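The chain contents come next:
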Amino acid sequence: MGIVCGHSIWHRLISLLYLVQFALAYQQLSEETLQNLPRPGNDFDIRNGKLLAPILRTRIPGTPGSTAVLNHFNDFFKTTLPDWTIDFQNSTSKTPVSGNKEVPFVNFIASRDPPWASKGDVGRLTLVAHYDSKYTPEGFIGAIDSAAPCAMIMHAVRSIDAALTRKWKDMEAQGDALDAGLDAYTGIQVLFLDGEEAFQTWTNSDSLYGARSLAETWGETSHSPMAIFRTPLSSISLFMLLDLLGSKNPLIQSYFPTTHWAYQSLADLEGRLRKLKQFKSSPNYDSETGQTVDEPQWLADAEKGEHLIKAWTTIQDDHIPFLRRGVDILHIIDTPDRTGFPPVWHTLNDDGEHLDLPTVEDWSILVTAFAAEWMELEGYFDGDAQDTPEKMYTRKTEL
Ligand SMILES: *[C@@H]1O[C@H](CO)[C@@H](O)[C@H](O)[C@H]1NC(C)=O
Ligand SMILES: [Zn+2]
């Protein structure tokens, strides 16, 4: 696998601006907000849950199962998140098992930008999972790989959407959106990628079909010359990839020194949610007593200094074609013993019945919190509706 490419000066400058902005304007979610984040309810039920159940089926690229899952994503955004823009990025490729036949790969892309910003000026938090399932063994479902991560992302964006609307309405009403710095040019997008899995055995050409095509296409698509970001690829402020999540007691390592700060923000939110007894998979969940049982964090590398993080990793996943092109990656993947994947990985046991649903729900809450903090949504969730717009926005800009 490749080593990280050199970033362009411009890219470095943008990253730096982001870091500065993050450091200056970063506002933590309050305890009240963390305690009141929307819950998925029955939506992760593996038989009839609105979000997850439709993904728990075989969905091999180019088959009706794949189309059905794409339709599910499309319907979800169209009906639940009508302010989002939906796109598809399509490609075809032969595979080792398709002979001379071209297999179609369809990446699903949904995004939401501040209403005043032109496309090339928006840096986007990018939440990513793959939705295809493996060709073999026959009947493979891929619940942690990656049906559940797709559903977690769906819940997260649904949970912050109203707050995002409220915040951007306020900024427009105040008329000083343009003075609000990079916060006024921060958007969010979801990538559900196709063809991550190898059809036969993993090689550079038999794997990552959708990700390779999208990274290449986005790297070659130029925004207008005056745009802040040169290409859709450089518009990715963070590529947050979720994979192999939904088993009990996950362990998530930090892989990239350049994004260790984002890993630490996520770990910090995990710690705060645990302390507030919001994690259903924890023995402390909702406990009435003041005491809490000690428990390990899923994001176990938060205390490591960034110089201790290896600059590259041997784990091949959808981030690789983006990493090679200089995109900042946060790879959230479960390695329970630090060297291997969860026991159900790539077996028929990776199905709905083997998911740990409290853990799936906790992940969805954690991703929601991370996205909410990134989009600076403190003060814009329902519980704060009694605040006047002026009060909210003034309070924020003064920080
Ligand atoms: C890509 O494929 C999807 C699903 O088949 C289709 O709905 C869409 O129109 C295609 N998009 C383009 C740009 O060809
Ligand atoms: Zn896999």
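Conventions we followed
Residues numbered from 1 in each chain as written. Chains lettered and ligands numbered in written order. Predicted model: local features only at pLDDT ≥ 70, side-chain atom pairs only at ≥ 80, totals over all residues. Heavy atoms only, no water. Pairing = 2+ DSSP bridges. Helix = DSSP H or I, 4+ residues; strand = E, 2+ residues; numbered from the N terminus. Axes fitted to C-alpha atoms, helices over the stretch in contact; angles between N-to-C directions. Phe/Tyr/Trp six-rings, centres within 6.5 Å; stacked < 30°, edge-to-face > 60°. Buried < 20%, exposed > 50% of the residue type's maximum accessible area, 1.4 Å probe, protein only. Donors = N, O, S within 2.8 Å, 3.2 Å for Na, K, Ca; no water. Tetrahedral: all angles 85-135°; square planar, octahedral: opposite > 155°, others 65-115°. Salt bridge = Lys/Arg side-chain N within 4 Å of Asp/Glu carboxyl O.

J.: Hey, could you run me through the sheet that holds strand E1 (residues 85-93) in this one?
T.: Within a beta sheet, neighbouring strands are joined by backbone hydrogen bonds and run either parallel or antiparallel to one another. Across the sheet, which stays open at both edges, the six strands sit in the order E1-E2-E4-E3-E5-E6 with mixed pairing between neighbours. Two strands lie at the open edges of the sheet, namely E1 and strand E6 (329-333), each paired on one side alone. Ignoring strand direction, the axes of neighbouring strands in this sheet form an average angle of 20 degrees. With five bridges connecting them, strand E3 (residues 123-130) and strand E5 (residues 236-243) associate as parallel partners. Paired with Thr126 across the bridge in E5 is Phe239.

J.: Sorry if this is basic, but what is going on with the packing of aromatic side chains here?
T.: Remark: the centre distance and the inter-plane angle together describe each pair of aromatic rings, the angle taken between the planes. On inspection of all chains with the given rule, the structure shows 19 aromatic pairs. Seen from their ring centres, Phe77 and Trp84 are 5.6 Å apart, and the 55 degrees between their planes marks the pair as tilted. By the burial criterion, Phe77 is buried, and Trp84 matches it.

J.: Which parts of the structure should I look at to understand the coordination of the zinc ion (ligand 2)?
T.: Geometry reference: four tetrahedral donors at a metal, ideal angle 109.5 degrees. Six octahedral donors, ideal angles 90 or 180 degrees. Of the protein atoms, only Asp145 (OD), Glu197 (OE), Glu197 (OE) and His346 (NE2) coordinate the zinc ion (ligand 2), at distances of 2.0 to 2.6 Å. For the zinc ion (ligand 2), the four donor atoms in the first shell make angles of 54 to 136 degrees at the metal, so the coordination geometry reads as irregular. Of the residues examined, Asp145 reaches a relative accessible area of 1% and is grouped as buried. Judged by relative accessible area, which is 3%, Glu197 ranks as buried.

J.: Would you mind showing me how to read the pairing of strand E4 (residues 186-193) here?
T.: Remark: a regular strand shows side chains that alternate across the two faces of the sheet. By the criterion of burial, E4 is predominantly enclosed, with eight of the eight residues buried. Here E4 shows no split at all, with Thr186, Ile188, Val190 and Phe192 on one side and Gly187, Gln189, Leu191 and Leu193 on the other all buried. Examined bridge by bridge, E3 and E4 share eight bridges and lie parallel to one another. Among the inter-strand pairings, His130 is bridged to a residue of E4, identified as Leu193.

J.: Sorry, what's going on with the pattern of salt bridges here?
T.: Oppositely charged side chains can pair when the atoms bearing their charge come close. Across all of its chains, the model carries 13 salt bridges by this definition. Note that Glu361 and Lys280 form a salt bridge whose closest N and O atoms lie 3.2 Å from each other. In this pair, Glu361 is assigned in helix H8 (residues 357-374) and Lys280 in the loop between helix H6 (260-275) and helix H7 (320-323), connecting sequence segments 81 residues apart. The partly exposed category is assigned to Lys280, whose relative accessible area is 33%. For Asp301, the salt bridge goes to Lys304, with nearest N and O atoms at 3.9 Å. Since its relative accessible area comes to 2%, Asp301 is described here as buried. By relative accessible area, Lys304 is classed as partly exposed at 32%. One salt-bridge network, held together by shared partners, links Arg39, Lys280 and Glu361.

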